[in-house]
Amino acid sequence: LASQNQDHDGLATLSEPDLAPLPGLEDVESSSHILSDSDAEIRKYRKKVIESTIDESFNDPCMKVGHGSMSFLEMSNYMSKKWNDADETTKSIFQELSSDRKAKAQKI
């Protein structure tokens, strides 16, 4: 990713071209009104899309069969690299979703 700055809320702020590849914004056009929203609104939108994608993945029968030609080690290395390359906002979204789901599972 290109350079990031911290805004007054501690959220990473990115220039418009940098937002497109971030998780939760893959399908957002560069001219979309979403990109002109506040950082908090963009984060909320990204979290909603990421959570929806995760839910769809767990309900997809193809995902239960396997991931294709990657070995467990290759998958682990790939995921570790993606996590290490992720910006702090992306990491915080996934950590929040993890905490939310853990709390929900503990109630059951």
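Parameters at a glance
Residues numbered from 1 in each chain as written. Predicted model: local features only at pLDDT ≥ 70, side-chain atom pairs only at ≥ 80, totals over all residues. Heavy atoms only, no water. Helix = DSSP H or I, 4+ residues; strand = E, 2+ residues; numbered from the N terminus. Contact = heavy atoms within 4.5 Å. Areas by Shrake-Rupley, 256 points an atom, 1.4 Å probe, with all protein chains shown as cover. pLDDT = per-residue confidence, 0-100. Salt bridge = Lys/Arg side-chain N within 4 Å of Asp/Glu carboxyl O. Buried < 20%, exposed > 50% of the residue type's maximum accessible area, 1.4 Å probe, protein only. Patch = residues over 30% accessible without salt bridge, like charges linked within 9 Å, V, L, I, M, F, W, Y side chains within 5 Å. Lys, Arg positive; Asp, Glu negative; His and termini not counted. Polar contact = N/O pair within 3.5 Å; in protein donor to acceptor, adjacent residues only side chain to side chain. Expected span 1.5 Å × (residues − 1).

## Examining the overall build of the protein
Part 1 of the argument: In terms of helices and strands, the protein carries five helices and two strands.
Part 2 of the argument: When the helices and strands of the protein are listed from N to C terminus, the series reads β-β-α-α-α-α-α.
Part 3 of the argument: For the protein, restricting intrachain contacts to residue pairs at least 6 apart in sequence, the fraction spanning at least 24 positions comes to 47%.
Part 4 of the argument: Carbon and sulfur atoms make up 54% of the accessible area of the protein, which amounts to about 8000 Å² in all.

## Let's talk about the confidence of the model for the protein
Part 1 of the argument: When pLDDT is averaged along the protein, the result is 79, and 72% of the positions lie at 70 or above.
Part 2 of the argument: Here strand S1 (residues 5–6) stands out as the least confident element of the protein, with mean pLDDT 46; helix H5 (residues 88–107) is the most confident, with 93.
Part 3 of the argument: pLDDT under 50 marks residues 1–20. Its contacts with residues more than four places away, or in other chains, come to 35 contacts.

## A word on the pattern of salt bridges
Part 1 of the argument: Overall, the coordinates contain seven salt bridges when judged by the stated rule.
Part 2 of the argument: A salt bridge links Glu41 to Lys44; the nearest nitrogen and oxygen atoms lie 3.3 Å apart. Taken together, the residues span about one helical turn, with Glu41 and Lys44 both in helix H2 (residues 39–59) at a distance of three residues.
Part 3 of the argument: When its relative accessible area of 37% is taken as the criterion, Glu41 is described as partly exposed.
Part 4 of the argument: Looking at Lys44, the relative accessible area reads 53%, which means it is exposed.
Part 5 of the argument: Linking Glu51 and Arg101 is a salt bridge whose minimum nitrogen-to-oxygen distance equals 3.9 Å. You can see Glu51 sitting in helix H2 and its partner Arg101 sitting in helix H5, a full 50 residues away along the chain.
Part 6 of the argument: With a relative accessible area of 32%, Arg101 lands in the partly exposed category.
Part 7 of the argument: Taken together, the salt bridges that share partners define one network made up of Arg43, Lys47, Glu96 and Asp100.

## Considering a nonpolar patch on the surface
Part 1 of the argument: On the surface, a nonpolar cluster with roughly 290 Å² of combined accessible area is contributed by Met70, Tyr78 and Met79.
Part 2 of the argument: The topology assignment puts Met79 in helix H4 (residues 72–85).

## Quick notes on the side chain of Arg46
Part 1 of the argument: Tracing the sequence through the fold places Arg46 in helix H2.
Part 2 of the argument: Here Arg46 sits buried without a salt bridge, and the closest side chain of opposite charge, Asp87, lies 4.1 Å off (N-O distance).
Part 3 of the argument: One polar contact links the side chain of Arg46 to the main-chain carbonyl oxygen of Pro23, over a distance of 2.8 Å.
Part 4 of the argument: Ignoring any residue separated from it by four or fewer positions in sequence, one finds Arg46 in contact with Leu22, Pro23, Gly24, Leu25, Asp87, Thr89, Thr90 and Ile93.

## Here we look at H5
Part 1 of the argument: Along its 20 residues, H5 runs 29 Å from first to last C-alpha, staying within 8% of the 28 Å computed at 1.5 Å per residue.
Part 2 of the argument: Turning to H5, its buried residues are Thr89, Thr90, Lys91, Ile93 and Leu97.

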